[in-house]
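Chain by chain, the residues run as shown.
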Amino acid sequence: MQVHITNLHGQDSKSTAQRVQNMVTEIATKQLGFNEMGLYFYNVSTDSPDKLSGRLDGIISSLSMGDVVILQTPTWNGVAYENRLLDKFRGYRGVKVVAFIHDMVPWMFEGLAGMLTDYIKLYNRCDLVISPAEKMTARLRKHGLTVKKVINQDFWDHPVAVDTAMLPPFNRVVNFIAGVRSLIS
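Scoring rules and cut-offs
- Residues numbered from 1 in each chain as written.
- Predicted model: local features only at pLDDT ≥ 70, side-chain atom pairs only at ≥ 80, totals over all residues.
- Heavy atoms only, no water.
- Pairing = 2+ DSSP bridges.
- Helix = DSSP H or I, 4+ residues; strand = E, 2+ residues; numbered from the N terminus.
- Axes fitted to C-alpha atoms, helices over the stretch in contact; angles between N-to-C directions.
- Right-handed = clockwise from strand over helix to strand, strands pointing away.
- Buried < 20%, exposed > 50% of the residue type's maximum accessible area, 1.4 Å probe, protein only.

A. Expanded view of the sheet that holds strand 1 (residues 3–9). Here six strands make up an open sheet; going across it, the order is 2-1-3-4-5-6 and the pairing parallel. Each end of this open sheet is capped by a strand with a single partner; those strands are strand 2 (35–40) and strand 6 (150–152). Here the average twist between neighbouring strands, direction ignored, is 20°.

Structure representation (structure tokens):
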């Protein structure tokens, strides 16, 4: 049995969404021995159903019966794409699928609230959901999440290069992954 993790490519190098998925994948592959399944960000609507099917077959070519796949969501290719990818995973007997939620698109952008049902249905098709926080899980359950196995991340950190020989001055600042800084008073 192998464990695979999807990883986003093709967005701007400063894309927070891509950077976060790349960091999680780096930890998963280098420290835990997972295999990367690279997903490319592109205009999915340009693919015919056959072309998309072939593209997804290439992505999952290393998958075998009984493997585990961690699907980092959103892929930013749309929930229909994510469902097609999940269909491909489910084509292999005994494959377990874990949804790793980074963001909830319907809650991020005005006018996309109608997509919430589609994302809930996607997550309910998974064997396990990794949610960013207990409050997110509660909100998802309120909107119909029924998958029994959920892990709440609560709080986690990203690897950074730190020179421990240098002692920086104390600043009341919170740095966010997107490069946004917030002063704390």
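B. Examining the pairing of strand 2 more closely. Alignment of strand 1 against strand 2, held across six bridges, turns out to be parallel. Bridged to T6 within strand 2 is M37. Between strand 1 and its parallel partner strand 2, the chain crosses via helix 1 (residues 16–30), and the hand of that crossover is right-handed.

C. Representation of unusual backbone geometry within the structure. A cis amide bond, omega 0°, links T73 with the succeeding residue P74. By the element assignment, P74 lies in the loop between strand 3 (68–73) and helix 3 (79–90). Backbone geometry at W76 places phi at a positive 70°, although glycine is not the residue there. Within the secondary structure layout, W76 lies in the loop between strand 3 and helix 3. By relative accessible area, W76 is classed as partly exposed at 22%.

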